[in-house]
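So you can see what is in the structure, the chains are spelled out below.
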Amino acid sequence: MIRSHLSSFTGLPVLPFTPGMALPDDPSAVAWRLEVEDFEADPVEFAALVAALRDEVPADAVRALVIGEWGSAYEEALPIDLLVAAAEKWTSLRAVFLADLVSEQCEISWLTHGDITPLLAAYPSLEVLWVRGANELRLDPVRHTRLRELVFQSGGLPGSVTRAVGGCDLPALERLELWLGRQDYGGDTTVDDLAEVLAGTRLPALRHLAVSNDAFADLTAQAVAAAPVVRQLEVLDLSKGVFTDAGAEALLAGQPLTHLRRLDLHHHFLSEPARERIVAALPGVEVDLSDPQTVETYNGREYRFTAVGE
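Definitions and cut-offs
Residues numbered from 1 in each chain as written. Predicted model: local features only at pLDDT ≥ 70, side-chain atom pairs only at ≥ 80, totals over all residues. Heavy atoms only, no water. Patch = residues over 30% accessible without salt bridge, like charges linked within 9 Å, V, L, I, M, F, W, Y side chains within 5 Å. Areas by Shrake-Rupley, 256 points an atom, 1.4 Å probe, with all protein chains shown as cover. Salt bridge = Lys/Arg side-chain N within 4 Å of Asp/Glu carboxyl O. Lys, Arg positive; Asp, Glu negative; His and termini not counted. Charge placed at Lys NZ, Arg CZ, Asp CG, Glu CD. Helix = DSSP H or I, 4+ residues; strand = E, 2+ residues; numbered from the N terminus. Buried < 20%, exposed > 50% of the residue type's maximum accessible area, 1.4 Å probe, protein only. Pairing = 2+ DSSP bridges. Right-handed = clockwise from strand over helix to strand, strands pointing away.

Caption draft 1: Inspection of a negative patch on the surface at higher detail. A cluster of acidic residues, E37, D38, E40, D42, E45, E75 and E76, forms a negative patch at the surface. Position of E45 relative to the elements: it lies in helix α1 (residues 43-56). With relative accessibility at 40%, the residue E45 sits in the partly exposed group.

And the structure:
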């Protein structure tokens, strides 16, 4: 579960915006957080907050935005149109985090989005986009030449979104995170849906790839073991998922991974011998094997869970 809001984003401290507030000496040195207090607030309230930020903060000082509660986040899509409408003014905006909410506000699998494609089209200079939640999330393949970091945090990522990411032409992208999640929370991404991402053809600058929080991590590991994109990576992240000895066997039987700087496998279901084998096979690679999990048994059946679900 995600239990705390970001205190910083893209290296900038997060500062909640309230209309009429005294601005910091350098208003461009913060990531502005937009959030209404009441989860049942009228949509007009969030729209007024966005309008106030446009009116009260110099346009060139809006470099990073963190969007929190917009009102009924569990059933009403985040109003991307408000951010799109501000694009003509916010030409210095470089980083956006959509839906920095914690479970006490709204479970991650309930967070509702619509089509985020217009946001990328409206901000051709955007460099960082994080999205939390994937309920009703939509994306069309686009070409975006400035985006360096794209993160989808979810309890269940739709295969349609994963395929769209693979279809995007992102020549500057260095970091990509896909939290795949579980089927019962909308995570129907398959290995086939990951094919274009793992090919890496449209991701020439990619150095950090996370295919994580994955209920089928062992199958993903089999695909990653032969994936062309791995050869260009510095960091491979298969953490937070249901990664077992079978996944470790597949990964180590595939292409060499000794060129990696870091292999992140934290939150795993590996046996001690499997852990030792991974470390021994990857000298010089920082391997994160923290947070080992145990199998849960109910009524004679075994269950393994991803780190983030509902």
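Caption draft 2: Region of interest: the pairing of strand β3 (residues 31-34). A two-sided burial pattern is seen for β3, the buried positions comprising A31 and R33 on one face and W32 and L34 on the other. Pairing geometry for strand β2 (residues 12-16) and β3, over three bridges, is parallel. What sits directly across from V14, in β3, is A31. Where β3 lies against strand β4 (residues 64-67), three bridges are found, and the strand directions are parallel. Within the sheet, the bridge partner assigned to R33 lies in β4 and is V66. For the handedness criterion, the β-α-β arrangement of β3, α1 and β4 is classed as right-handed.

Caption draft 3: Region of interest: the pattern of salt bridges. For the structure on display, the rule yields 16 salt bridges. For E127, the salt bridge identified is with R146, shortest N-O distance 3.5 Å. You can see E127 sitting in the loop between α3 (117-122) and β6 (128-132) and its partner R146 sitting in the loop between β6 and β7 (149-153), a full 19 residues away along the chain. E286 is the partner of R262 in a salt bridge, and the nearest nitrogen-oxygen pair spans 3.1 Å. Residue R262 is located in strand β11 (residues 262-264), and its partner E286 is located in strand β12 (residues 286-288); the two are separated by 24 residues in the primary sequence. A residue is classified by how much of its surface remains accessible, and E286, at 44% relative accessible area, is partly exposed. Three or more residues are tied together by salt bridges with common partners; here these are R33, E35, D100 and R132.

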